[in-house]
Structure formats: structure tokens, C-alpha cells
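# Coordinate analysis (summary)
Each chain is listed here by its residues.
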There are 4 protein chains.
Amino acid sequence: MFRVTTFGESHGAAVGVVVDGVPAGVAVSEDDIKRELNRRRFCHIPVLNPRCEDEEFQVLSGIKDGYTEGTPIAIVIWNKRAVSDYYQELWMRPRPGHADLAWYLKFGRFYDHRGGGRASGRETAARIAAGAIAKAVLRQTIGVEVSSHLIELGGVSIGREDYTFEDVVKSWEKPLPMIDDEAMRRAIDVLIEAARNGDSVGGIGEVLTTEVPPGLGEPVFDKLKADLAKAIMSIPSAVGIEFGLGFRLARMRGSEANDQIVLRGGRPRLETNKVGGLLGGMSIGEPIRFRVAFKPTPSIRRPQRTVDLSRMEEVTITFKGRYDVSTAPKALVAAEAMTAIVLVDHAMRAGLIPRVIKK
Amino acid sequence: MFRVTTFGESHGAAVGVVVDGVPAGVAVSEDDIKRELNRRRFCHIPVLNPRCEDEEFQVLSGIKDGYTEGTPIAIVIWNKRAVSDYYQELWMRPRPGHADLAWYLKFGRFYDHRGGGRASGRETAARIAAGAIAKAVLRQTIGVEVSSHLIELGGVSIGREDYTFEDVVKSWEKPLPMIDDEAMRRAIDVLIEAARNGDSVGGIGEVLTTEVPPGLGEPVFDKLKADLAKAIMSIPSAVGIEFGLGFRLARMRGSEANDQIVLRGGRPRLETNKVGGLLGGMSIGEPIRFRVAFKPTPSIRRPQRTVDLSRMEEVTITFKGRYDVSTAPKALVAAEAMTAIVLVDHAMRAGLIPRVIKK
Amino acid sequence: MFRVTTFGESHGAAVGVVVDGVPAGVAVSEDDIKRELNRRRFCHIPVLNPRCEDEEFQVLSGIKDGYTEGTPIAIVIWNKRAVSDYYQELWMRPRPGHADLAWYLKFGRFYDHRGGGRASGRETAARIAAGAIAKAVLRQTIGVEVSSHLIELGGVSIGREDYTFEDVVKSWEKPLPMIDDEAMRRAIDVLIEAARNGDSVGGIGEVLTTEVPPGLGEPVFDKLKADLAKAIMSIPSAVGIEFGLGFRLARMRGSEANDQIVLRGGRPRLETNKVGGLLGGMSIGEPIRFRVAFKPTPSIRRPQRTVDLSRMEEVTITFKGRYDVSTAPKALVAAEAMTAIVLVDHAMRAGLIPRVIKK
Amino acid sequence: MFRVTTFGESHGAAVGVVVDGVPAGVAVSEDDIKRELNRRRFCHIPVLNPRCEDEEFQVLSGIKDGYTEGTPIAIVIWNKRAVSDYYQELWMRPRPGHADLAWYLKFGRFYDHRGGGRASGRETAARIAAGAIAKAVLRQTIGVEVSSHLIELGGVSIGREDYTFEDVVKSWEKPLPMIDDEAMRRAIDVLIEAARNGDSVGGIGEVLTTEVPPGLGEPVFDKLKADLAKAIMSIPSAVGIEFGLGFRLARMRGSEANDQIVLRGGRPRLETNKVGGLLGGMSIGEPIRFRVAFKPTPSIRRPQRTVDLSRMEEVTITFKGRYDVSTAPKALVAAEAMTAIVLVDHAMRAGLIPRVIKK
């Protein structure tokens, strides 16, 4: 019911999004959108964003005098004049690890390979703009907040599990959203070292919410667990997702894995929430929590082997442009946005979000 | 385009499925369906299926003279007279780890809690019947096979990565689908020991396919990676999914993680397929491969704490019925079925499956 | 959100329906379903239903102790042993006016042509069963009733516009649902005469509702007007639909066509409702009203020309079986059901129907 | 599979559209889009378009070097600085016959009522831009053309049924697309006279296609007949649709209504095509043909009664702005566009349109 349609290629005129099904009367400003878009810039760590350009965007419809109208919200994020000359020598030569190969095989010579085209991480800027709307809806209706942090980056793990939602929110005031300062410093060192070696690193992020009202999720195929997994795995570079303790649960006994149900604050609560806030794939009044694995940026400044598809022969290519040494931090912001979008959709399906937010 | 609708509660008259969008002219027999349904029975390991009942099913429409008609296929799997007396004392007392709590919070007193109702693993029998149709479609059109095996059960891991698709297929001739005999024997021991202790275990399965034609998956939200993740995470007890090396990729450098592209058999191939057969979330002519974590069966024969929702007080319950010491093996069959269903749907969207299979 | 999936062929084992998305706690009995199924029998006018068989149906899931559970409701309507020998000589010889030609062209030799197969009016029995559920939901939530009557049958028109919703409801106590007794008698004469001549007739029905809460319908593609049109035009034999005065509005001036807005009962109302209860394609608190044109039954007992598709030559066929001299009365019951289904779906989308009906 | 998402309000920054699911390799130029947008301007008949402004639009994505890329095509049509002062006195005073009342009831004070906001006919410009893409796809794949003409305008009917598809196409070279010159002249007189009297008129249009390949349409709910009806009835001011002879068929006997099936050009054809090219709701290789009733423009320059919703009292309003004396000609262009969009979608579902158009 809350429909997000994105468009745009990395080296075209713009990327953008149409958000349909937004209730009327939600207070949303351009600043709300700008703030979310800025979260994925990481300009203070140059190896994460060598270009560090400002995002220029425009809201074309659906918001008037600071409030949503209930009509589709269209947002255009203009592309800067990108240097695409470099990409000429990559024509028909899919970069290992990138989506190029898939796009050439699907769309042939019509694929705009420059900067990864539509498969570029740039497309997620449009999702993040939509996420800003979704977050405003969640906050102003069911009072749910979504945040995230990095559990691991470049092999450096935070090694703590005793954090609160507020700790996680605050981690975004640091250079990298890692709740452990020591780990963060080491992770930054690793990023710099990897960049120096022309290499890249992956990471693991965790998305958390405050308590989500029970009953979100539709049995049996549109479970909240299922729709979150889909939304998250639609993000470029996401290669795995686990809810709660995830793969660790698979190694436990039932007696260890089961969250006991206790009475707290007058309502049934999970004593431990190892399961990540979902039972039967639906929300139960607990915070939701899952982890996402992001693979390393495929772009590296080292010779790699590929096939020239026009001549069907093996060639070696070396990427010479600037690249983000890890896309995990940016992708994590997109994961948050997708989470907010899925939650709004399911809250609507559960009848928890009116079509007009009364003031 | 290939739509699967299931229905039915654990202790109602029947569970079943309607499969819509099936091409005409696919050869499907009742034996094909029976064979798949039997794969989830595991009667030879009694702790995995204490009841071990035969499935009685009926095809109501859509198949005539051994061929699909192109119309919806409805299959009813009749429920045996289930002993539901036991469930009276569980009324309004959600079992820890089960979907009960979510269902009570969503549907209140209208929830049919007996045997887990609609949230029961029994519902997956309907998916498996649909999977039998999907597998027939895949085989008779794009020539793709889907199989699976257990990587780990009750903490016992196969500890090998040098297996072929055929090894995996053959593993189903053994008591448990584990390619390593020694690991399998130890896993069975663990199952028996856990059952003796009134406990349960989880596991990790892997789903594999033969080479999938390139181009399946729709950018950007309906990527094959995304739709597989959704389908798999809609299965009860699934708590995580990772594609290819998954979480291990997040710890690698780009230089290590990127699959080099080589020319093999006249077409571009991945040298290593660490990524699991998907780039940009789409198929690229490689086998697809992902792992799924299943949590332990929540039913255990030990006292557990819960809340009586009618009186809003904490109580202790002890499950006295029979239970499957691990649902992972059964759930793996459902994961295979869901994979086949998603592949048919995407092959249709890619225009690879005609509406009539010519004979 | 309220999803109806039907299955079954005319001469297969059964037709049936799965209704998904039904709120929990709706009181529905088998009698409610039986009553609606009986409305399409018209046994008292033998030329409308020469076979006049009782419908045997079974509710497989989703209803327990007289209340919906919130889970999919599956209903199977068993087919009687149909005499299908006759159809052997129609194999590959599409009957003029029937769906046969389309099905042969789409599904080739896999089309079950007996009795029209899936394209048979019999499929609408499944819709009517779903409509019984939908009507119960409407009645027990937003208090809306749906009814219908025949405006014209076999060229005989009621020639009155001064009827109330109650008049329309009561028309179903008569042999034919026509509010004008004289017209009804003449229509019955026409039916009998047409049957005697081996011919068939068409008709025009009108569907009406009581006042529908404002705001149903989603701009711009999923307007209520649009979804009703789709639902109605999915009924076999429906060839036209017009809302309010419909085609007559196209011949009026704006000054004549515009319904003035007046204050009545403390809220804005249309003075005249020529438009049929929808503005901007959405409900506005007025009753909804539209007319549907049904073409004559294609089956007639006269020689007709067709093409034998196996030999690709022109042939003459004469239908020898029993047929309904007009399908309009039956189809009208299906139109009512489809209307109720669309209204429930849109009331859900507008957030007017909770997931649990509190008792 | 071919998804069209529009956005934009009449007096906002822009209206626009995202077209998703377009195959790669379709030749589309900005001229193709401009040409379709121009067809709805009718500047040569000033009472049909008093403002007569040029459309300025921009293609933001999805087309490169004259060919579609297979990615979403985003088109923005900028709004001119509209004079919206006038609308201040219409605030909370819904204009009779307009969508205003529905929007106020649904979205309250967040409704942008200026120029009808999102419910304005201006939104259809976005559909027409999408229609230009759809027409290019149809032409370059299955070779189908779509056209339309006015059957009746302001009560003046063409009174001919002996026209060809080419006649219909050529009618667009005239001031009004009416195949009969005499009727056209009288219709123009009626338009001018109605405008002079501050009134407006409705009309009836007919949409026709060339031969559509058989098999488009999905039984039973997504019939082509059903989806066309939905698409057409989603157009503002459309109040009725009839396929083929439509309502006239309802008054015929079966012996008169049934199109006999004959062998022509080596394939089965309808001798007469009274049914409008669809049997069982699916295409059968015949041209498709249906008529649409458009009500008169609700805007008239006469006092009309309405309710001031902020003070809940009856008031009289008189529209003083410029208005189109009939929206039927413009709406007809939108009807053509929607038809093309539905045909592409169904041709894709039937597997007739590859994901890449090979050059």
C-alpha cells in the first residue's frame, strides 16, 4: 500500500523516487530529506567517499506547506556532471563482482554501464529519500524509530552486545556508526590501509527499531520477516540477513533458543528477544533487530580478469577511477530506509495508519 | 505471474494450495506430488516425525490426463483426525518460541491455537505440493533442477565444501540429507540424545540449483536475490539466509571476494562462484546457492514460562505432546519448493516460459 | 488486501475459492453461503436452469465455531457427474460467441472444452461463495448492503426509475428480480418463447448499494470506479458497464448532468446522484449504482458456423444439450458478489475494516 | 509487468510519470512523446483549450541515444505558473460534478484544490506520455496500432458504422477526430454555442486497434476485457464503457448477437466482430473495439449550489475561470494511451514481448 518506485541511472540526468500511498497531513520538510541523504556521505572519511559531492534534490509533488497531501511524492536528485570518459574502456567488459555481467546478459548493448548505471549504489539515494518520508510517517503515527550501526567493518568487530537503542542512535555522531570507539578507530585504520593497497572491505550492519506494535506481518507469504528480508536483500552488496541471533540460533538447543514469555508493564514480553522481535514472522510488541552482511566494494585498483563480451576473449582490466573503499556504511543507511518503508507498508495493511494524520 | 495461494489450519479439515499461472501442457502426475510430500516425512528417524502418517491428497482442478491445462491447480491435503484435547490447557497460553503469541496479539480469541493452527509447519505441505508443480515446470522448460542438503544439524557440521550437485541430490537417499556419512551419523546421535532430554535442535541447510539461465530477476526491488530471500524467510523457523559465502564475504577483502570472470564453454563464467550465482541480484548462467538457518523446534518437553493472556498472569507450561526434535530437515524441503516457485515466477517474467509447453 | 482466488473447471472434480485477508471474528455460517448460491439457481423458471441441481459445498478452512479466524477461507463446490459425452463432437470446434475460440488459441489441445471448462459460468459459483463472505464483512463492519435487479431482460424493460433500495431487495422474492410485475411477466413470456425457438436473450442489470462511507478508492489508477469496472467486466457475458446515468450523461449538458451539492442530515449530499455515487472515482457517502449489459447466452439450438481447428475447415454445428435461455439473472448475482468483494477490499485499504471484528 | 506510476498536481511544480518494465532497445524519441502530448491540445478550437500552452517536458532516465535501456523511464512535464488566486474562494467549497467533494472527504484540509489538484485532467498528460512509450513498444514488437475517434459530441453523432481503422487514424488530421465531416461541423457549432451559454457538453469516443494477437488476457480476473475496463474507467470523466456493440448486444437474441466463426486467410476469424474482438475476455486475433462515455465538463460558468465544508452551510458558487467546454476529446487521447499500456502489459504476460528488442 506504501509504494516506492525509483528511477535513474548513475550517469544519466537524475535519480529519483515516487512515493505513493503516503497519508495526508504528515509533517515533512526538505531538511528531513536532506538530513537522511547526508547520512550516506561520510565526507569526513575520504576513502569512503572520494568525491564528496552535495546532493541537489527537488520535491516535485505531494508536499505542500510542509505537509503531505496524500498524493504521490516525487523527488528528483540531480546527478552532477559525472566523468564518464573513463568508462569507455570498460564497455562490454564486465567488472568482476559488479552487476555489469548480469546487466549485459539481460539487456545487451542497451545497458548504460557508466558508473554501474542503474545498478549503481547511487540508486539507493532515491530509496533513502523515500525512507525519510517513511520515517516521518512512522514517527507521527505509531511512534516507531529505526536506527542502525556497524557491528563489523573490514573484519574489525565491536565485540559488545550490551548496547541500547540510544547508544546506536548516538553512534551516528561519530566518524563511523560503531558503538565501540576502540573498534571504530581500528576500523578506520583498516579502511585507510585497504585503500592504500587498492583493495576494499566488507562489513556487517545491524538495524534496530524501538518497540513495534504487535500484529504487523501477513501470514503466510507476506510475513514481516519475509518482506524485510526481501527489502534488505534488494540492496546492492547485501549478501546475507539474519534475524535476532540468526545463524547462532541454528546451533542452539530449543531450551536455550526459546525466549521465555514474561509479564512486564502489564503486557506479555519476551524475556530475552534472541529471536529479533518477530514470532511467526510477525511483530509482537518488541523491538525488531536483524543483521546484514555486505560484501566488499567490487571496485578495487588491482588487475582483474574478465571477458570482453564483444570479442568474447579473456582480458585483464584495472579500475583507475575513484571508489568507496567500503560501501557498507552507505548501504546501512539504505537498509534503515528500506526497513522504515516496509514497516509503514505493514502498519498500513494492519490498519494502524489512517489516511489522514489529524492535527 | 506464478501465484501460489495456500490455505488450511493444522487441526482443521485440510490444508491445500491453489497454483495459478501454470503453463498448459506440463506433464505432472499425482506421483510427482506424492514423492515431494514424502520427502518431508522422515519416518525412518522417529524422533523427527513421531506420528509418521501418510498424506492423503486430491487434485481438484487444473490437471487432466496427466497434463496441466493452464488453469489453476487446486490440491487438497486432508488432515487426519488430530488429537487436539491436549491443546485445551494451552488456550491463551502462548508457547515460547512459537507463533502463538503473535497470533493471539493479532487475531485474539479467534486464533485456532491447536497444533499451531495456520502457523503450523503443516502449512508447508501445501507449499511442497506447489513446489512439485514448479519443479516440473522448471525441468520441462528451462531445464533447471533444484536440490538441497543439510550443512549442519544440532551443531554437527559436514565440514566439506568439495561436493557436486549430484552429491547433493544423492544425499536424499540416506536417512538424513547430509553428504558426509560420518557427520550424518553423529547428527542422528545428537537428535536422539536431544529427544531423550526433551530438548530440540536447529540446523543449517543449503539450497542449490543447476545452472540458471541468465537474466532472471527484475531490478531493482524484485531482484531474484530479494524474492528468494522473501520466499525463504516466509518459512516458519527460518531465521537467516546468506547467498554464496554470505557472512564470510563480509569479512573478506574485495581482492579475495570478487569472482573473476573467465571464458568457459564459449561463454562468460565465474571462476569461483563465491557469490552464489547472482550478480546485481540477477542470475548470470551460474548455479544458485544459498544457506538457510533454522532455529530449533520451539516445542520441548521442559517447563517453560509464559503468560496466561486471559488472566494476564505468568504461568509455567510443559508441553506433553509429541514433537519433531528438529524441523530443519522438513523445512529444507519447503525451502527447495519455495526456490522452485520463485524461479518459475521469474523465468515467466523474463519471458522464458511459454504459456503452452508444446509437445 | 482482500484476495479472492478461484479454481475449477465445469466438468472437473470441483470449483472453489480461497478468500484471503478476511478479518477475524466475522460471523459467517454455511447457510449464508448456501443462500447466496441458491439465488443463482432460478429453478422455478426451468428455461433459466434446465438441470436445477443442488450445490454441495464444503468449507475446508478459515471458519471455526461460526466465526472467521482471519486465515484463508477455502470453499469447495463439488461438481455433479456431468454428462460430457456430448462434448466429444465439439472438440476443436469452438462454439460461436463462447470463450472456446480464445481458449483454443491460448492453450491449444490442453483446453478442457467440456461445458466451457474454466470459462463456464459455473466458475462464478465460486465468486458468489466469496461474495457471501464479503457481504458478511460489509454488513458487520461498515454496515453496507449490496443488492441488484434486472432493468431489462430479452428487450423488456422495467420502465421505472422511482424505486428504493428496499424495492430492489424485495424483487428477489419474485420469480425474476424485476421491480415491475407487468414487465416481469412479459420477460418470462419472452424467455419461454425464445427457448421454444432455440434462441437466447440478453439483459441489463443494475447493482445498488446502501450509502457507502466516503473515501473508498485510491487515486489515480485504483479508483473505486475503476476497480468495480474491472471486477464486473471479468464476469463472463458482461459487455458493458455504466455508472449512474452513464451513457445518458454523455448526451447531457454540464448544467443538467452536475449533481448539486446540498446539506442534508448535517453532511454534504448529492441532490440527485445522477453520477452513481462516485466523484473522482471515489465514494462520497452516497449509494453506489451502476448498470451492466449482459449479452445473450451464446448457446442456442440452431445451426451455427465455425471452424474445425484440427482440420482447419469450416463446419456447421448445432448445440444439442440443455442451456440457460439467459445467463443475465445468474450473472447479476455474480455482479453483486464482485461488488461486495471490491468494496471490502477498498474499505480495508481505507483503513475502515479492522483485522479483528470485536465482539 | 509494465508499470505506470504518475505523480503531480495541477498547480504544483510538475506532473510526471515513471514507466517501469519497458523492454530495452525500443526506439523512442522525445518527438514521439511530444506528438502524443500535442494531440490533446486542440488549440485550433479555442473553447476546447482556452489556455493553449505548450508542454515542456524532460526525460530524466531510461532512454539513451534514442533507445530504451530497460530501466525505468521518468518523464517530468513542468507546470506553467498557473493563476491560482482565483481558487481561494473555492477553498472548502467543492465544485459540483468535480472530484473536490471526494478529495475533501478523504484528505480533508490537505487537499490541494487548486485546479482540481491531482484529480485534474492534467494528470492524464502523464498517462499520455507513458502511452507514447507503450505505443512504440506495441509497434516495434507485436505490430499493433491503437487509435480512436469521437462517435458523438454534445449530442451530435457521426451516424455511420462503415469506417475503417485508417479512416479513424485520419480523423485526427481534422479539427475534431470525427470521421463524418458534417457531424464534425455541427459538433463544433454545438461546442461554441455551449461555451457562449457558459455550459459544457459530454461525448462518446471509440477506441480501436488493428488485429491483436490471440491469447492476451489472463483468466479469470485479469481478463483483457476487465483490465481495459479498469484502465479506461480510471480516467476522469469516464462514466461508461461498452465492448463491441455493448448495450445493444443485451437487447439482441443469441442468434443475432453471436459472431459466426469463419476461415479467412487460413485462420479462424469472426465474420462480424460485434463482440469487439474479445471472447472469454481474451483477444482472438481480431481488432479490439470499445466505446467510452464521457460526462460533460463539470466546470460551467453558471451559479451552482454546494456546501461550504468549513462552515457547513449551503452556498452558491459561480466558476469564473477558463474551462474546456468538453473534456471528451482530451480524455479520448488518454483512453488510447491507457489502451496501449494495458496491451503492452498483457502482451508481456503472454510472453510475446522480449526483454530486449533485438536490432
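Here we summarise the structure given alongside this text. (Residues numbered from 1 in each chain as written. Chains lettered and ligands numbered in written order. Predicted model: local features only at pLDDT ≥ 70, side-chain atom pairs only at ≥ 80, totals over all residues. Heavy atoms only, no water.)

### A closer look at the side chain of D112 of chain A
Among the secondary structure elements, D112 of chain A is positioned in the loop between α2 (100-107) and α3 (123-140). A polar contact is formed between the side chain of D112 of chain A and the side chain of R114 of chain A, at a distance of 2.8 Å. Here D112 of chain A is in contact with E9 and G117 of chain A together with K64 and E69 of chain D, once residues within four sequence places are set aside. (Helix = DSSP H or I, 4+ residues; strand = E, 2+ residues; numbered from the N terminus. Polar contact = N/O pair within 3.5 Å; in protein donor to acceptor, adjacent residues only side chain to side chain. Contact = heavy atoms within 4.5 Å.)

### Thoughts on the interface of chain B and chain A
Where interface size is given, it is often the accessible area lost as the parts come together that is meant. Listed by partner, the interface residues are 95 residues for chain B and 95 residues for chain A. Here chain B meets chain A over a buried area of about 7500 Å², counting both sides, of which 62% is carbon and sulfur. One can count 12 salt bridges joining chain B with chain A. A salt bridge links E271 of chain B to R305 of chain A, with the shortest nitrogen-to-oxygen separation between them at 2.7 Å. Between the two partners, chain B and chain A, sit 49 residue pairs in polar contact (both at pLDDT 80 or more). Taken together, the residues of the side of chain B that touches chain A sort by class into 49 nonpolar, 21 polar and 25 charged. (Buried area = accessible area lost by both parts, 1.4 Å probe. Salt bridge = Lys/Arg side-chain N within 4 Å of Asp/Glu carboxyl O. Nonpolar A, V, L, I, M, F, W, Y, C, P; charged D, E, K, R; others polar.)

### Points about the pairing of strand β1 (residues 3-8) of chain B
Residues and elements named next belong to chain B. Within β1, five of the six residues are buried, leaving the element largely enclosed by the surrounding structure. Bridging between β1 and strand β2 (residues 14-20) involves six bridges; their strand directions are antiparallel. Opposite F7, over in β2, you have G16 as the bridge partner. Counting the residues in the hairpin turn of β1 and β2 gives five residues. (Buried < 20%, exposed > 50% of the residue type's maximum accessible area, 1.4 Å probe, protein only. Pairing = 2+ DSSP bridges.)

### Section: the pattern of salt bridges
Under the counting rule described, the total for this entry stands at 151 salt bridges over all chains. With a shortest N-O distance of 3.8 Å, E56 of chain C and K80 of chain C are connected by a salt bridge. Of this pair, E56 of chain C sits in strand β4 (residues 56-61) while K80 of chain C sits in the loop between β7 (73-78) and α2 (100-107); the two residues are 24 residues apart in sequence, bridging distant segments of the chain. Here R185 of chain D makes a salt bridge to E182 of chain D, at a shortest N to O gap of 3.8 Å. With R185 of chain D and E182 of chain D both in helix α5 (residues 181-196) and three residues apart, the pair spans about one turn of that helix. In this structure E182 of chain D comes out as partly exposed when scored by relative accessible area, which is 43%. Linked by salt bridges that have partners in common, E36, R39, K135 and E336 of chain A make up one network.

### Examining the packing of helix α1 (residues 30-39) of chain C against helix α3 (residues 123-140) of chain C
Residues and elements named next belong to chain C. In contact at an axis separation of 9 Å, α1 and α3 are set at 135 degrees when each is read in the N-to-C sense. On the basis of their axis angle, the class for α1 and α3 is oblique. For α1 against α3, the interelement crossing comes out right-handed. Taken together, the residues of α3 that come into contact with α1 (itself represented by D32, I33, E36, L37 and R39) are A125, I128, A129, A132, I133 and K135. Taken together, the residues of the contact of α1 with α3 break down into seven nonpolar, no polar and four charged. (Axes fitted to C-alpha atoms, helices over the stretch in contact; angles between N-to-C directions. Parallel < 35°, antiparallel > 145°, perpendicular 65-115°, else oblique. Left-handed = near helix turned anticlockwise from the far one by under 90°.)

### Details of the relation of the copies chain B and chain C
Mapping one chain copy onto the other needs a rotation about an axis and a shift along that axis. Mapping chain B onto chain C is achieved by rotating through 180 degrees and translating by 0.0 Å along the same axis, at an RMSD of 0.0 Å. Interpreted geometrically, this transformation is the action of a two-fold axis. When the interface residues of chain B are mapped onto chain C, 100% of them again lie at the interface, so the same face is used by both copies. (Least-squares fit on C-alpha atoms with pLDDT ≥ 70 in both.)

### What about the interface of chain B and chain C?
Between chain B and chain C, the residue contacts involve 37 residues of the former and 37 residues of the latter. Taken together, chain B and chain C are joined by zero salt bridges. Taken together, chain B and chain C are joined by four residue pairs in polar contact (both at pLDDT 80 or more). For the side of chain B that touches chain C, the secondary-structure elements that each account for two or more residues are β1, β2, β3 (24-27), β4 (56-61), β6 (67-69), β7 (73-78) and α2 (100-107) of chain B. Looking at the side of chain B that touches chain C element by element, the count peaks at four residues for β1 of chain B. Looking at the side of chain B that touches chain C residue by residue, the class counts come to 16 nonpolar, 10 polar and 11 charged.

### Concerning the relation of the copies chain B and chain A
The transformation that overlays chain B on chain A combines an axial shift of 0.0 Å with a rotation of 180 degrees, and the residual RMSD is 0.0 Å. When the interface residues of chain B are mapped onto chain A, 100% of them again lie at the interface, so the same face is used by both copies.

### Concerning helix α8 (residues 328-349) of chain C
All names here are of chain C. Counted at 1.5 Å a residue, the expected span for α8 with its 22 residues is 32 Å, and the 31 Å between its end C-alpha atoms agrees. With 22 of 22 residues buried, α8 lies mostly within the body of the structure. One or two residues past the end of α8 sits G351, with phi positive at roughly 80 degrees. (Expected span 1.5 Å × (residues − 1).)

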